[in-house]
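# Descriptive structure summary
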Amino acid sequence: MSREFAPEYIQSLKAYSSAKSEKLTGSTWLNANESPYAKEYALNLDNLNRYPDPQPENVINAYARYSNLAGENILMTRGADEGIELLVRTFCQNGKDSIAQFLPTYGMYKVTAESANVALVDLSQALLIDAPQSELLDCVGNAKLVFVCNPNNPTGNVLPLSRIEEIVKAFEDKAIVVVDEAYIEFCEEFTAAGLIEKYQNLVVLRTLSKAFALAGLRTGFVLSNPELINTMRKVLAPYPVSSVVAAIAEQALTSCNISSVKRQVSIINNNRATLINQLSACKHVRKVLPSFANFVTIQLSDKAHIAAAMQSGLIMRPFTLYGEDNWLRISIGSEQELNVVFNWLVEING
Ligand code: PMP
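Note on numbering: residues in each chain are counted from 1, in written sequence order. pLDDT decides what is reported in this predicted model: residues at 70 or higher carry local features, side-chain atom pairs at 80 or more are listed and counted, and totals for whole chains, interfaces and linings draw on all residues regardless.

### So, the UniProt feature "modified residue: N6-(pyridoxal phosphate)lysine" (unreviewed entry) in the chain
- UniProt positions are given in the numbering used here, feature names are shortened, and annotations may be inferred rather than shown by experiment. The feature "modified residue: N6-(pyridoxal phosphate)lysine" (unreviewed entry), as annotated in UniProt, sits at Lys-210 in this numbering.
- Any residue with 12 or fewer other C-beta atoms within 10 Å of its own C-beta is exposed, any with 20 or more is buried, and the rest are partly exposed; the C-beta atoms used are placed from the backbone. A count of 28 C-beta atoms within 10 Å places Lys-210 in the buried class.
- Working definition of a contact: two residues with C-beta atoms, positioned from the backbone, lying within 7 Å. Those residues within four positions of Lys-210 in sequence are excluded, and the remaining contacts are Asn-33, Ser-35, Ala-182, Tyr-183, Glu-185 and Asn-294.

### Overview of the site of the ligand
- Using the backbone to place each C-beta atom, any residue with that atom within 6 Å of a molecule or strand is considered near it. Among the 13 residues in the neighbourhood of the ligand, the closest are listed as Gly-79, Asp-81, Ala-182, Thr-207 and Ser-209.
- The way it works is that DSSP assigns letters per residue, a run of H or I at least four long becomes a helix, a run of E at least two long becomes a strand, and they are numbered from the N terminus. The leading source of residues in the shell around the ligand is helix α3 (residues 79–91), at three residues.
- Under the scheme applied here, ten amino acids are nonpolar (Ala, Val, Leu, Ile, Met, Phe, Trp, Tyr, Cys and Pro), four are charged (Asp, Glu, Lys and Arg), and all others, including Gly, are polar. Grouping the constituent residues of the shell around the ligand by class yields five nonpolar, six polar and two charged.

### A few points about the packing of helix α2 (residues 57–67) against helix α9 (residues 243–252)
- Two elements in contact, α2 and α9, have axes whose closest approach is 9 Å; the angle formed by their N-to-C orientations is 30°. Classified by the angle their axes make, α2 and α9 are roughly parallel. The element α2 and its partner α9 pack so that their crossing is left-handed. Taken together, the residues of α9 that come into contact with α2 (itself represented by Asn-58, Val-59 and Ala-62) are Ala-246, Ala-249 and Glu-250.
- Grouping the amino acids of the contact of α2 with α9 by side-chain chemistry returns four nonpolar, one polar and one charged. Only the contacting stretch of a helix is used when fitting its axis, a line to C-alpha atoms as for every element, and angles between N-to-C directions run 0 to 180 degrees. Each angle is binned into one of four classes, with values under 35 degrees roughly parallel, values over 145 roughly antiparallel, values of 65 to 115 roughly perpendicular, and all other values oblique. Working rule for handedness: look at the near helix, and if it is turned counterclockwise from the far one by less than a right angle, call the crossing left-handed; if clockwise, right-handed.

### Section: the sheet that holds strand β10 (residues 295–300)
- Two strands pair under a simple rule: DSSP has to find at least two bridges between them. Reading across the sheet, the four strands line up as β9-β10-β13-β12 and stay open at both edges, with antiparallel pairing between neighbours. Strand pairing shows two members of the sheet lacking a second neighbour, β9 (285–288) and β12 (317–321), which therefore form its edges. For this sheet, the mean inter-axis angle between neighbouring strands, taken without regard to orientation, is 35°.
- Across five bridges, β10 lies against strand β13 (residues 324–331) in antiparallel orientation. Within the sheet, the bridge partner assigned to Phe-295 lies in β13 and is Ser-331.

### Section: the pairing of strand β4 (residues 119–124)
- Pairing analysis gives six bridges linking strand β3 (residues 98–103) to β4, with the strands arranged parallel. Its bridge partner being in β4, Ile-99 is matched across the sheet by Leu-120.
- Running through helix α4 (residues 108–115), the crossover from β3 to the neighbouring parallel element β4 is right-handed. A clockwise course of the path from the first strand over the helix to the second, judged with the strands pointing away from the viewer, identifies a crossover as right-handed.

As structure tokens, then:
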């Protein structure tokens with residue numbers, strides 16, 4: 001009965017479930033679009049008796065250099081997921097406002113909206129790709145935030161910068177356009193960060209979880225104009241970034257490490273091309289979606305093939321799309337991990 005202390009809209013939610021939270025057992029993990037390149041970091045733990053800098057200056061400055069922006073354009077968060085949550089809590093009124101998303105897309109926009117009692121306007125990716133501005137405006141209605149995932153998870157497609165600008169412009173005085181660039185390092189020429197100075201209604205989300213190989217660190221960044229950044233700071237917890245996290249993030253953003261991340265990105269992009277070739281040649285793979293990120297999404301002829309992979313310890317991310325439950329998202333792992341995928345393809349080819 002004690003759950004009744006929570007409002008009804010919270011009671012009806014389900015806790016976020018993932019292969020990790022379900023404690024699946026596996027030997028090859030290609031389900032969460034992580035990087036295969038683990039790295040070691042040095043830590044000085046002398047000052048843990050003190051609270052950390054709420055927005056660690058060295059990290060903010062390093063990310064400003066990396067993204068060609070100023071420190072005042074940047075907010076450091078506990079992953080891009082916290083950025084999404086902050087945006088909804090800052091700009092949407094509980095029980096009154098709505099956000100728009102273009103399906104299929106990243107699941108946390110919905111989870112965050114539902115837990116904040118904010119309505120969802122579900123639109124299609126097709127609309128996002130080429131609908132005229134007037135149609136977009138009509139469909140989005142009064143939504144306060146318009147989430148555009150670019151490249152999009154789970155489809156892997158990317159919108160050209162000219163289209164992103166058209167969308168941001170269309171909503172100029174009406175809504176904040178949030179471009180989620182969690183995977184942008186895999187196609188960096190598409191970034192919308194350069195538009196931040198020009199538009200007052202643009203927010204870009206970034207993370208160290210993907211190309212920077214730090215999913216375990218829980219670090220993301222919100223990029224926008226100082227006015228929106230300062231508004232979001234009003235709802236930010238007092239010390240959101242631990243000193244330990246800040247020390248590692250600072251090392252990850254040195255120019256030497258950024259160069260190494262760039263080399264890894266080009267290896268991952270090459271390995272993605274190889275995986276796409278192998279998948280396209282498999283007779284049980286019905287569709288392979290082109291991808292600009294560190295994963296590939298496919299539709300299989302039969303979902304039994306997915307179950308067989310899971311049973312053998314190869315964990316990928318199955319999902320339902322357009323009413324069909326035979327879709328699978330495969331992260332680009334190391335060459336050794338991808339060999340496990342190739343062996344699975346050989347097996348199902350018979
Ligand atoms: N946005 C997208 C599109 C993602 O796929 C993910 C993680 N899967 C996130 C945001 C969250 O990233 P973080 O680990 O920084 O919270």
